[in-house]
Structure formats: C-alpha cells, structure tokens
Amino acid sequence: MSEAAAKFTEDRQRLELAALSAPAVIFTVAMIAFPVVYTVWLGLHSFSSTGKQSFVGLANYSRLLADTEFWHGLWVTIALYVLSLVLQLVFGVWLALVLFHAKRLPGIVRSLFISPFMMPPVVAGMMWLVILDPSLGAANYILQSLGLPPSEWLASPVWVIPTVALIDTWQWTPYVALIVLGGLQSLPPSVYEAAQIDGASAFKTFQRITLPLLLPTIVTATILRSVDLLRFFDIIYITTQGGPGNASNTLNIYGFRVGFEFFNIGYASALMLTLTAIVFGAVLAFNRLRGAVAW
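Asker: I'm lost on the overall build of the protein in this one. Help?
Answerer: Scanning the protein from N- to C-terminus turns up 12 helices and two strands. Counting from the amino terminus, helix and strand elements in the protein follow one another as α-β-β-α-α-α-α-α-α-α-α-α-α-α. A compact globule built from 295 residues should have a C-alpha radius of gyration of about 19 Å, whereas the protein, at 25 Å, is more than 25% larger. In terms of overall dimensions, the protein has a C-alpha envelope of 85 × 75 × 35 Å along the principal axes. Looking at the protein as a whole, 36% of its 295 residues qualify as buried. A separation threshold of at least 6 residues defines the contact pool for the protein, and within that pool the share at least 24 residues apart is 66%. Here the protein has roughly 17400 Å² of accessible surface; of this, 71% comes from carbon and sulfur atoms. Distance between charge centroids for the protein: 5 Å, based on 15 positive and 14 negative side chains.

Pasting the structure below:
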C-alpha cells in the first residue's frame with residue numbers, strides 16, 4: 001500500500017470514529033452545558049411570587065456580600081469541610097495501612113471495614129439519628145453507663161458540626177482507605193527492602209518512604225472528597241435540616257431553602273453558582289498540588 005493510500009485510510013478511520021462518537025459527545029456536552037447556562041440565566045433575574053421575572057443583572061451576586069446568612073453558611077461549610085477532610089484522611093490512611101499489612105484478614109472482615117460508604121446517605125443519616133437521639137439513643141446510653149453526662153449531639157449548636165463531621169467520617173473513611181490502599185499496593189517493594197537493610201524503624205519507614213510516595217494518592221483522595229464535602233447536603237438535611245437554628249446551615253442547605261422554601265429562584269441560583277465556583281477553585285488548587293508532589 002502506498003503512503004497516500006495509507007494516509008487516506010487513516011483519515012477515513014478518524015472520520016468514522018468522529019462520526020460514531022459525535023452523538024454521544026454532543027449529548028454529554030448539552031447535558032452539562034444546559035443546566036449551567038440556565039442557572040446563570042436564572043441568577044441574573046428576579047422572580048416574584050406570581051412568577052413574574054425581571055432582569056436584575058448582578059444584583060443577586062452583590063446581595064451576597066451583605067447577606068449575613070450567606071457568610072454564616074460559608075463558615076459552616078468550610079468548618080465541616082476542614083474537620084471532615086482531616087479526619088477522613090487520617091483515619092483513611094490508618095485503615096489502609098491496617099488492611100495492607102493484615103494479609104490474613106478474612107474477606108468478610110475486609111468487607112465489613114469498607115461497607116459504610118456503600119450505604120445510601122439517607123439510610124446512614126436515619127440510622128445515626130436514632131443512635132444519637134438524646135432520650136433513647138444508644139450513644140447517650142453508653143455515655144451514662146460509663147458515668148459520663150449525656151450529650152445533646154445534633155440538638156446542640158456547639159456539638160452539631162463535630163457530630164455531623166463524625167457521621168460523614170464514619171461513612172466515607174473506607175472510601176479514602178480504598179484509594180490509599182490502591183496506592184500502597186502500587187509502591188515499589190525495592191525501597192522497603194533497602195530501608196530494611198539499612199535498619200530503618202517502622203515509623204521512620206512510614207515517615208520517610210511511605211508517606212512521601214503516597215502523597216499523590218492522598219491528594220487524589222482529597223480532590224474526590226472535596227467535591228462532596230463542599231456540597232454537604234444529604235446527611236445534614238436528614239439529621240438537622242440546617243439546625244438547631246442555623247448552626248449547621250451550609251451553603252448548599254441555605255441555597256436549597258432559599259430556592260424551594262422561599263421560592264427565590266434567582267438568588268438561590270446565584271448562591272449555587274458561587275458554591276460551584278468555590279468547588280472548582282478547590283479542585284484546581286489541589287490538582288496543582290498533585291502535580292507538584294507527583295513522583
């Protein structure tokens with residue numbers, strides 16, 4: 001076959017591939033672009049209780065700057081995000097190390113370790129709502145059995161954020177552990193053999209070898225969890241609905257209430273676009289960090 005014929009065949013195959021994939025690509029782009037563009041359009045309008053709409057430009061976004069509930073929701077979102085992320089990374093790495101070194105651990109035990117993240121958030125929220133009930137819950141029964149005072153848990157403005165963070169940590173730590181476990185299994189064994197020959201302790205091996213080599217994997221887990229944690233909704237909506245008062249009112253919960261309880265669709269759209277920008281910013285920042293720690 002001549003060079004010209006080979007090039008013609010290659011070009012034809014590329015055109016056929018493009019023609020076959022074009023419908024799926026167009027559909028996917030439309031499914032992503034339409035909600036975004038429509039939300040942007042909604043954020044530039046104001047809607048009355050009668051359904052009448054009026055163009056207000058950036059008024060909804062300027063309103064954010066003076067909205068104390070927005071700033072409170074942002075603080076709650078960041079507090080939950082930081083606390084939950086730190087706990088999940090610490091316990092996730094620990095659980096991954098346990099699963100990695102416990103070679104003889106039965107499969108059913110491994111499955112139990114990772115089962116919480118396979119549970120629907122609604123089910124997990126309802127389960128913990130019963131466990132943490134101030135009057136009849138098992139958590140206060142255990143505290144009282146140990147001679148400790150009972151806690152209000154989700155009903156306390158002071159403890160609601162740590163409690164929600166612990167619930168989310170219980171559910172999603174196994175997910176982080178699975179990601180880190182995959183990273184552990186891909187590490188070259190030669191570096192551990194060299195460390196063993198040099199007489200390095202287990203702690204030094206983890207500090208100087210395992211942790212630096214795992215950093216790209218840990219950052220990947222951070223990115224995946226950041227997307228969910230900054231959009232915290234389901235567990236909070238099931239357990240507290242933003243309460244008590246507004247103590248657990250994240251931006252996502254606040255936007256939901258503004259849009260579907262007060263029917264201020266324009267302002268709710270501006271809130272959600274602001275939250276989307278925050279999520280994208282966090283993902284881009286961690287993605288740059290991942291590139292910096294890659295080996």
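Asker: Quick question: what am I supposed to make of a nonpolar patch on the surface here?
Answerer: On the surface, a nonpolar cluster with roughly 580 Å² of combined accessible area is contributed by I78, V82, V86, V90, F91 and W94. Relative to the assigned elements, I78 resides in helix α3 (residues 68-101). For I78, a relative accessible area of 42% translates into the label partly exposed.

Asker: Looking at this structure, I do not really get the side chain of N249. What am I missing?
Answerer: With respect to the secondary-structure elements, N249 resides in the loop between α10 (234-239) and α11 (251-260). In this structure the side chain of N249 is engaged in a polar contact, spanning 3.0 Å, whose partner is the side chain of E69.

Asker: Explain the pattern of salt bridges to me, please; I cannot follow it from the model alone.
Answerer: Two side chains of opposite charge can pair, provided their charged atoms sit close to one another. Tallied over the entire structure, the rule returns four salt bridges. Between D228 and R225 there is a salt bridge; the shortest N-O distance is 3.0 Å. You can see D228 and its partner R225 sitting in helix α9 (residues 202-229), three residues apart, about one turn around the helix. The class for D228 is partly exposed, based on a relative accessible area of 33%. Its relative accessible area of 1% is what places R225 among the buried residues. For the salt bridge of R231 with D228, the shortest nitrogen-to-oxygen distance reads 3.0 Å. A relative accessible area of 39% places R231 in the partly exposed class.

Asker: For this particular structure, what's the right way to read unusual backbone geometry?
Answerer: The general pattern is negative phi for most residues beyond glycine and trans for most peptide bonds. Note that the residue after G243, namely P244, is joined by a cis bond; omega there is -5°. Within the secondary structure, P244 sits in the loop between α10 and α11. One non-glycine residue, Q241, lies in the positive phi region at around 55°. Along the polypeptide, Q241 turns up in the loop between α10 and α11. Of the residues examined, Q241 reaches a relative accessible area of 47% and is grouped as partly exposed. Positive phi values are uncommon outside glycine, yet F263 reaches one of about 55°. When you line up the elements, F263 lands in the loop between α11 and α12 (265-293).

Conventions adopted
Residues numbered from 1 in each chain as written. Predicted model: local features only at pLDDT ≥ 70, side-chain atom pairs only at ≥ 80, totals over all residues. Heavy atoms only, no water. Helix = DSSP H or I, 4+ residues; strand = E, 2+ residues; numbered from the N terminus. Rg over C-alpha atoms; globule rule 2.2 N^0.38 Å. Buried < 20%, exposed > 50% of the residue type's maximum accessible area, 1.4 Å probe, protein only. Contact = heavy atoms within 4.5 Å. Areas by Shrake-Rupley, 256 points an atom, 1.4 Å probe, with all protein chains shown as cover. Lys, Arg positive; Asp, Glu negative; His and termini not counted. Charge placed at Lys NZ, Arg CZ, Asp CG, Glu CD. Patch = residues over 30% accessible without salt bridge, like charges linked within 9 Å, V, L, I, M, F, W, Y side chains within 5 Å. Salt bridge = Lys/Arg side-chain N within 4 Å of Asp/Glu carboxyl O. Polar contact = N/O pair within 3.5 Å; in protein donor to acceptor, adjacent residues only side chain to side chain.

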